[in-house]
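Letter by letter, the chains look like this.
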Amino acid sequence: MSNAIARLLTIAIALLPVASLAEPIKLKMAYFSSDREPPYVSVLQPFAEAVNKEGKGLIEIVPYPGGMLGRNYSLQMQQVLDGVADMAWVNPSLTPDRFPDNDVLEFPGLFRDLKEATLVYTRVLAAGTLRGYGDFFTIAAVANFPLMIHTRPPIGSLPDLRGKILRVNNLIEGSALKAVGITPVIIPINEVALAIGRGTIDGATMPPNALFAYGVSRITRFHYMAPLGAAPLAFLMNRKKFESLPKAGQDLIRKFSGEWTAAHFVETYDANNVQATNDLKSDSNRLVIMPPRAELDSLQATFQTVFEKWRKDNPRNLELLKLVETEIAKVRSGG
């Protein structure tokens, strides 16, 4: 008996190094487009690098950029739900039925800047207020801002935009521009340049940095500084996958989520938007249109009419708006 026990102990000791060399849990991180684009550079890559550095031997984020797991931007959310990817960059506005409360964040005139829009979205979502996110752990909730109108056909003022077909980010932005006389179409951002090139649409709304990142700058020369709203975007992880991780792994992902990722997004996007705007203004082949006060007042009055209708459509809308306005007040007071 003693010899048998001794042999078992010898085997157990021999296996210890094997156990210590166990592979970390690998998590697939999908990105639908190039790894040189702003979302990847400013959010996904810093997150993966931070987690991998601190979680060495425990968990490992494995990047799949360039659409390796699927190029369809509209299907990124479903890929996370189906387990094709464990986490992915998602535009909730492409599936509005899934995220019906996001429109409260999208109205023109609601936010002052990108930081304010991003922090409010991050905090409202963290509070569990917005529907549709229950199947996900949210790594980042950010808001692209400010949006501009970019067209291929020549424009010089608001009347020139009426009758144009423009790609928009979301239904609320579409409703606001439709009230002005523009025909809105929701198209994934990585399909915009091709649609303009084919003549399917006349232009698009997007921030200055996205204009260059997605190739739209090559086929648009007219840029109207309309006071549009924000475009919410999210970096989502499959909640079941997240909850299957050991506590140490969950804690690590939490550490580099939320306001940590939001801060990286704000810093990078603010700088990129400033640079891109300056590039537009300094290019003699482009026309950057700053609307006169009369046009701004006209736009704001039209947008306000759309806003008031939305507020009255559903009692929940007013409840959501109050929560968002409370968070806006906290951010503006330094909270």
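Look above for the structure.
Residues numbered from 1 in each chain as written. Predicted model: local features only at pLDDT ≥ 70, side-chain atom pairs only at ≥ 80, totals over all residues. Heavy atoms only, no water.

(A) Examining the overall build of the protein chain more closely. When helices and strands are counted, the protein chain shows 13 helices and 11 strands. Out of the 335 residues in the protein chain, the part that is buried amounts to 51%. In the protein chain, once contacts between residues fewer than 6 apart in sequence are set aside, the share between residues at least 24 apart is 76%. A total accessible area of about 15,400 Å² is found for the protein chain, and carbon and sulfur atoms account for 55% of it. (Helix = DSSP H or I, 4+ residues; strand = E, 2+ residues; numbered from the N terminus. Buried < 20%, exposed > 50% of the residue type's maximum accessible area, 1.4 Å probe, protein only. Contact = heavy atoms within 4.5 Å. Areas by Shrake-Rupley, 256 points an atom, 1.4 Å probe, with all protein chains shown as cover.)

(B) Layout of the pairing of strand E8 (residues 203-206). Burial along E8 is two-sided: Gly203 and Thr205 facing one way and Ala204 and Met206 facing the other are all buried. Pairing between strand E5 (residues 148-151) and E8: four bridges, direction antiparallel. Note that in E8 the partner of isoleucine 149 across the bridge is threonine 205. Relative to E8, strand E6 (residues 165-168) runs parallel, the two being bridged by two bridges. Bridging across to E8, arginine 167 finds its partner in alanine 204. (Pairing = 2+ DSSP bridges.)

(C) Molecular detail of the sheet that holds strand E7 (residues 183-186). Pairing is mixed in the open sheet, where six strands are placed in the order E7-E6-E8-E5-E9-E11. Looking along the sheet, the strands with just one partner apiece sit at the ends: E7 and strand E11 (287-289). Averaged over all adjacent pairs, the angle separating strand axes in this sheet is 25°, with direction ignored. For E5 and strand E9 (residues 222-224), the ladder comprises three bridges, and the chain directions are antiparallel. In the strand pairing of E9, histidine 150 is matched with histidine 223. (Axes fitted to C-alpha atoms, helices over the stretch in contact; angles between N-to-C directions.)

(D) Here's a closer look at the pattern of salt bridges. Counting across every chain of the model gives 15 salt bridges. For arginine 98, the salt bridge identified is with aspartate 135, shortest N-O distance 2.8 Å. Remark: aspartate 135 occurs in the loop between helix H4 (114-126) and strand E4 (136-144) and arginine 98 occurs in the loop between strand E3 (87-90) and H4; sequence separation between them is 37 residues. In this structure arginine 98 comes out as partly exposed when scored by relative accessible area, which is 25%. (Salt bridge = Lys/Arg side-chain N within 4 Å of Asp/Glu carboxyl O.)

(E) Region of interest: the sheet that holds E3. On the basis of which strands lie adjacent, the open sheet formed by five strands has the order E2-E1-E3-E10-E4 and mixed pairing. For this open sheet the edge positions go to strand E2 (59-64) and E4, each flanked by a neighbour on one side alone. Here the average twist between neighbouring strands, direction ignored, is 20°. Where strand E1 (residues 25-30) lies against E3, two bridges are found, and the strand directions are parallel. Within E3, the position partnered with alanine 30 by the bridge is alanine 88. Contacting E4 and strand E10 (231-238), H4 runs over the sheet at an angle of about 155° to E4.

(F) Highlighting the packing of aromatic side chains. Enumeration according to the criterion identifies 12 aromatic pairs in this entry. Measuring from ring centre to ring centre gives 4.5 Å for phenylalanine 107 and phenylalanine 307, while their planes differ by 45°; the resulting arrangement is tilted. Highlighted residues: phenylalanine 107 in the loop between E3 and H4 and phenylalanine 307 in helix H12 (residues 293-313), separated in sequence by 200 residues. Grouping residues by exposure puts phenylalanine 107 and phenylalanine 307 together as buried. On the basis of an interplanar angle of 5° and a centroid distance of 4.1 Å, the ring pair of phenylalanine 137 and phenylalanine 242 is categorised as stacked. Pair noted here: phenylalanine 137 is in strand E4 and phenylalanine 242 is in helix H9 (residues 239-244), with a separation of 105 residues, a long-range link. Grouping residues by exposure puts phenylalanine 137 and phenylalanine 242 together as buried. Taken together, Tyr31, Phe32, Tyr40 and Tyr73 form an aromatic cluster joined through their ring pairs. Positioned above the aromatic ring of phenylalanine 307 is the side chain of arginine 311, whose terminal nitrogen or guanidinium carbon lies 5.9 Å from the ring centre. (Phe/Tyr/Trp six-rings, centres within 6.5 Å; stacked < 30°, edge-to-face > 60°. Lys NZ or Arg CZ within 6 Å of the ring centre and 35° of its normal.)

(G) Structural context of the packing of H4 against helix H11 (residues 259-282). The interhelical angle for the contact between H4 and H11, taken along N-to-C directions, is 160°, at an axis separation of 10 Å. With respect to their mutual orientation, H4 and H11 come out roughly antiparallel. The two elements H4 and H11 meet at a crossing, and its hand is right-handed. Contacts between H4 and H11 pair Leu114, Lys115, Thr118, Leu119, Thr122 and Arg123 from the former with Glu259, Ala262, Phe265, Val266, Tyr269, Asp270 and Asn273 from the latter. Class assignment for the residues of the contact of H4 with H11 results in six nonpolar, three polar and four charged. (Parallel < 35°, antiparallel > 145°, perpendicular 65-115°, else oblique. Left-handed = near helix turned anticlockwise from the far one by under 90°. Nonpolar A, V, L, I, M, F, W, Y, C, P; charged D, E, K, R; others polar.)

(H) Geometry of the pairing of E2. For E1 and E2, the ladder comprises six bridges, and the chain directions are parallel. Looking across to E2, one finds that isoleucine 25 is bridged to isoleucine 59. In this fold, the crossover linking E1 to E2 by way of helix H2 (residues 38-54) has right-handed handedness. (Right-handed = clockwise from strand over helix to strand, strands pointing away.)

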